[in-house]
Amino acid sequence: MKLKKNNTMDTDKVFFMILRAGLWEQDEGLSVCTVDWESIYNISREQGMSVIVADGISVMKKNNPALAIPSDVQSLFLHDLLRCEVRNRHMNETLSHLCKSLNDDNIQALVLKGQGVALNYVNPLHRIPGDIDFLLYGEDYERAASIFSPKVQKVEKENISKKHLAMLFGDVEVEIHGTIRVDFGKKNNAILDDMQRMMFSSQDFRVWDCNGTAVLLPSADFDAVFIFIHFVQHFYHGGLGLRQICDWAMHLSHFAGDIDTSLLSHRISSLHMNREWRIFGWIAVNMLGLPKDKMPFYDDSYSKAARVVWSSIKMSGNFGRNFNAGRDVSNEPYLYRKLKSLSRQTKWMSRHLCVSVPNTIKVYCAMLSNSTRTVLEDFLSQATSQATSMSSKHDKK
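These remarks concern the structure in this document. These figures come from a predicted structure and were not determined experimentally.

Rules used throughout
Residues numbered from 1 in each chain as written. Predicted model: local features only at pLDDT ≥ 70, side-chain atom pairs only at ≥ 80, totals over all residues. Heavy atoms only, no water. Helix = DSSP H or I, 4+ residues; strand = E, 2+ residues; numbered from the N terminus. Buried < 20%, exposed > 50% of the residue type's maximum accessible area, 1.4 Å probe, protein only. Pairing = 2+ DSSP bridges. Phe/Tyr/Trp six-rings, centres within 6.5 Å; stacked < 30°, edge-to-face > 60°. Disulfide = S-S within 2.5 Å. Axes fitted to C-alpha atoms, helices over the stretch in contact; angles between N-to-C directions. Parallel < 35°, antiparallel > 145°, perpendicular 65-115°, else oblique. Contact = heavy atoms within 4.5 Å. Nonpolar A, V, L, I, M, F, W, Y, C, P; charged D, E, K, R; others polar. Salt bridge = Lys/Arg side-chain N within 4 Å of Asp/Glu carboxyl O.

### Quick word on the environment of Ser 316
Within the secondary structure layout, Ser 316 lies in helix α12 (residues 303-316). Of the residues examined, Ser 316 reaches a relative accessible area of 0% and is grouped as buried. Sequence separation between Ser 316 and Gln 47 is 269 residues; the distance between their C-alpha atoms is 9.5 Å.

Here is the structure:
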């Protein structure tokens, strides 16, 4: 391990050493030196990995009791850990309740990512949770929407083309999906639609007993592709954190002997995601510690692009939260806000042409199309509202 002149380890290297210790319970031996623990905490929190890093610190301290961590930083890690455990228990209770409601109506709903993928971690309660995502097929999507909608506090506008509806159950955001479509073109969506159809038609599900309720999870083959392409889309849109890549790495590790690599190769090639697979595979192996023999199609020649990707992930923060840091978006004029977002997205995507030129262009064009449609719909809605208001005032006169 290289040290700086003041005997301080490179912060990124220390961070990944501790993260790997938390993911795999393996201590690589953190030598006695000066560590910027505040920066380690900040990176881990920004990437949604503070609790796994806390686990890594515990692993290291068992082997090296002399490892000194400032008490204020220890308190921050402990606070995140306790809060995460409480939140995960609450999420599992909510998930159990929702799945029981769907099961009672004979609706097959698979849990995507989230609480299901947390099962692949050493301690599932230590994966920082997000929302609850259900994948449904055919009429079950509409049936689930009709069952949930009357019971929620808030329902967002539905994305009809992707069959996506978000809602709020108490303090838990729940999303139901009728497809797993992404913004990489119609051909890719046709492949993803076929993956979904094949899994549901063959009933190729896993079952998890969550607080006494049978919860359906996707097959290992399906998730190997879905988790990957889902976070790749987030990456192109500037909103990827390490947690999503860790989810993928833990899935590949846990199901290494079950994944059909021939089928996986066919699907990744058909989706034109070979470069992305190998770039993120390099990160999974060399930064996150996934064993090479558990990383399908590993290629060591993608280190340069992988380091650019990590630099971008670190810069943007989890789900791109750093981009709007310090901005009062609510007080910005509408068109200014949209143009500023367009400028940021253009710079972000041009930075990652080294990942894939064709896919960057696909996502950029889709983003332009969606943004233009949103702006036109907003202006039309505003014009209609103003016309209605003027008509109402005229009628009163």
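### A look at the pairing of strand β5 (residues 172-177)
Across the six residues that make up β5, a large majority, five, are buried. In the sheet, strand β4 (residues 164-169) pairs with β5 via six bridges, with the strands oriented antiparallel. Following the sheet pairing, Ala 166 is matched in β5 by Glu 175. A loop of two residues connects β4 with β5, the two strands running antiparallel in sequence, and Gly 170 in this loop sits at a positive phi of about 60 degrees.

### Some points on the packing of aromatic side chains
Counting across every chain of the model gives 19 aromatic pairs. When the centroid spacing of 5.4 Å and the interplanar angle of 15 degrees are considered together, the rings of Tyr 137 and Phe 200 count as stacked. With Tyr 137 in the loop between β2 (132-135) and α6 (140-148) and Phe 200 in helix α7 (residues 186-202), this residue pair connects regions lying 63 residues apart in the sequence. Centroid distance Phe 228 to Phe 231: 5.6 Å. Interplanar angle 85 degrees. Geometry classified as edge-to-face. Residue Phe 228 and its partner Phe 231 are located together in helix α8 (residues 220-236), separated by three residues, close to a single helical turn. Taking relative accessible area as the criterion, Phe 231 reaches 0% and is therefore assigned buried. Put simply, the rings of Phe 184, Phe 228, Phe 231, Phe 235, Tyr 236, Trp 248, Trp 277, Phe 280 and Phe 297 pair up and form one aromatic cluster.

### Quick word on the state of the cysteines
Throughout the structure, instances matching the rule amount to zero disulfides. There is no disulfide at Cys 210, and the cysteine sulfur nearest it, in Cys 99, is 7.1 Å away. Overall, the relative accessible area of 2% leaves Cys 210 in the buried class.

### Concerning unusual backbone geometry
Even without being a glycine, Asn 106 presents a positive backbone phi close to 55 degrees. Unusually for a residue other than glycine, His 272 sits at a positive phi of about 60 degrees. With respect to the secondary-structure elements, His 272 resides in the loop between α10 (261-270) and α11 (274-286).

### Here we look at the packing of helix α2 (residues 37-46) against helix α3 (residues 50-63)
At a minimum axis distance of 8 Å, the contact between α2 and α3 shows a crossing angle of 135 degrees. Compared by their axis directions, α2 and α3 come out oblique. Residues Trp 37, Ile 40, Tyr 41, Ser 44 and Arg 45 of α2 pack against Ser 50, Val 53 and Ile 57 of α3. Taken together, the residues that form the contact of α2 with α3 break down as five nonpolar, two polar and one charged.

### Digging into the environment of Gly 289
Mapped onto the fold, Gly 289 is located in the loop between α11 and α12. Counting along the chain gives 43 residues from Gly 289 to Cys 246, while the straight-line C-alpha distance between them is 9.8 Å. In this structure Gly 289 touches Arg 20, Trp 24 and Ala 284, once residues within four positions along its chain are discounted.

### Some words on the pattern of salt bridges
Per the stated rule, a full pass over the model turns up twelve salt bridges. For Asp 12, the salt bridge is made with Lys 314, and the minimal N-O distance between the two is 2.7 Å. A residue pair is termed long-range when its members are at least 10 positions apart, and Asp 12 in helix α1 (residues 11-24) and Lys 314 in helix α12 qualify at 302 residues. A relative accessible area of 18% means that Asp 12 is categorised as buried. Here Asp 194 makes a salt bridge to Arg 197, at a shortest N to O gap of 2.6 Å. Taken together, the residues Asp 194 and Arg 197, both in helix α7 and three residues apart, mark about one turn of the helix. Judged by relative accessible area, which is 32%, Asp 194 ranks as partly exposed.

The quantities given are spatial measurements derived from coordinates; they are silent on function.
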